[in-house]
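Residues per chain, in single letters:
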Amino acid sequence: MNVATPTLVLLPGTLCDLRVWQPVAERLDPQWRTQFVDFGALDRVAEMAARALSAASGLLIPVGVSMGGIVALEMWRLAPERIAALALFDTNPGADTEARRRAREHQLDQAHLAGPNGLQTLVRSHLLPSYFPRAVSPVVETTVLAMAADAGLTTFVKQSAALASRIDYWPLLSCIKKPVLVACGEFDLLCPPAQHRQMAAQLSQAQFRLIGGAGHLAPLEQPSQTAAILREWIARIGGRFQAQAAEDARV
């Protein structure tokens, strides 16, 4: 693939790591470069976006799920000239509400009070039911628990702070004049389909796709569907990058 072709930058959600995107990445065209970004214990969305922007040179296509979608929007805000397109999965472009902020604080208090296994208890009792309102495979549930355990409570505290302090991206959507894939799980309760349709309506070059049988972490729950949607979208918009690369080569 020509160096002028954008790199797909895979961005995880809260308490997630490479495992949330790995099943999808394995199903993409190997000619497309992919770069995963680990946010670690960063506590500001802008810092996460800066790390993602430095992960690869040239043009980028941020591909984010949940918190990763918020980071993708921040990448565009910080460096629109670097962003060739965006793919947003199961995300919320709005600022944190006061009610959601209080809920996060309550979750953190519960996790601290529960002792060494507090985060795992929180994930089992609160996060899993909100992520997956329908039954999911044991593999998906085990993966989410393993990612949370590896991330740890400190990372959860930092990422919760990042989400609580994020800006409102709704007013910026109409300014994005790039192709944007907007997709979500059919049963996503945290970031429901109606919200994603509203996002798509405010973007000038959006494509909305619903991922059947998935909740809030569609790339992990339905990797085949997610990869197929990404492949189709990349094929549709990819010609413009190849044409630009050919034009640049002639100059």
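Above: the structure in question.
Residues numbered from 1 in each chain as written. Predicted model: local features only at pLDDT ≥ 70, side-chain atom pairs only at ≥ 80, totals over all residues. Heavy atoms only, no water.

Colleague: Can you break down the pairing of strand E1 (residues 7–11) residue by residue, with the values?
Modeller: Most of E1 sits inside the fold, with five of its five residues counted as buried. Of the two faces of E1, both are covered, the one formed by Thr-7, Val-9 and Leu-11 as well as the one formed by Leu-8 and Leu-10. Relative to strand E3 (residues 60–65), E1 runs parallel, the two sharing five bridges. Looking across to E3, one finds that Leu-10 is bridged to Val-63. The pairing of E1 with strand E2 (residues 34–36) spans three bridges and is parallel. Bridged to Leu-10 within E2 is Phe-36. (Buried < 20%, exposed > 50% of the residue type's maximum accessible area, 1.4 Å probe, protein only. Helix = DSSP H or I, 4+ residues; strand = E, 2+ residues; numbered from the N terminus. Pairing = 2+ DSSP bridges.)

Colleague: Tell me what's going on with the environment of Leu-11, and back it up with residues and numbers.
Modeller: Here Leu-11 is to be found in strand E1. Of the residues examined, Leu-11 reaches a relative accessible area of 0% and is grouped as buried. For the pair Leu-11 and Trp-21, spaced ten residues apart in sequence, the C-alpha to C-alpha distance is 8.1 Å. In this structure, Leu-11 is in contact with Trp-21, Val-37, Phe-39, Ala-52, Pro-62, Val-63, Gly-64, Val-65, Gly-68, Val-71, Ala-72 and Met-75, ignoring residues within four places of it in sequence. (Contact = heavy atoms within 4.5 Å.)

Colleague: Give me the pattern of salt bridges: which residues, what numbers.
Modeller: Considering all chains together, one arrives at eight salt bridges under this definition. Residue Arg-77 is joined to Glu-74 by a salt bridge in which the shortest nitrogen-to-oxygen separation is 2.7 Å. In this pair, Arg-77 and Glu-74 both sit in helix H3 (residues 67–78), three residues apart, roughly one turn of the helix. When its relative accessible area of 2% is taken as the criterion, Glu-74 is described as buried. Between Arg-209 and Glu-232 there is a salt bridge, with the nearest N and O atoms lying 3.2 Å from each other. Placement of Arg-209 in strand E6 (residues 206–211) and of Glu-232 in helix H9 (residues 223–250) is noted, with a sequence separation of 23 residues between them. Counted as one network, the salt bridges with shared partners bring together Asp-17, Arg-19 and Asp-150. (Salt bridge = Lys/Arg side-chain N within 4 Å of Asp/Glu carboxyl O.)

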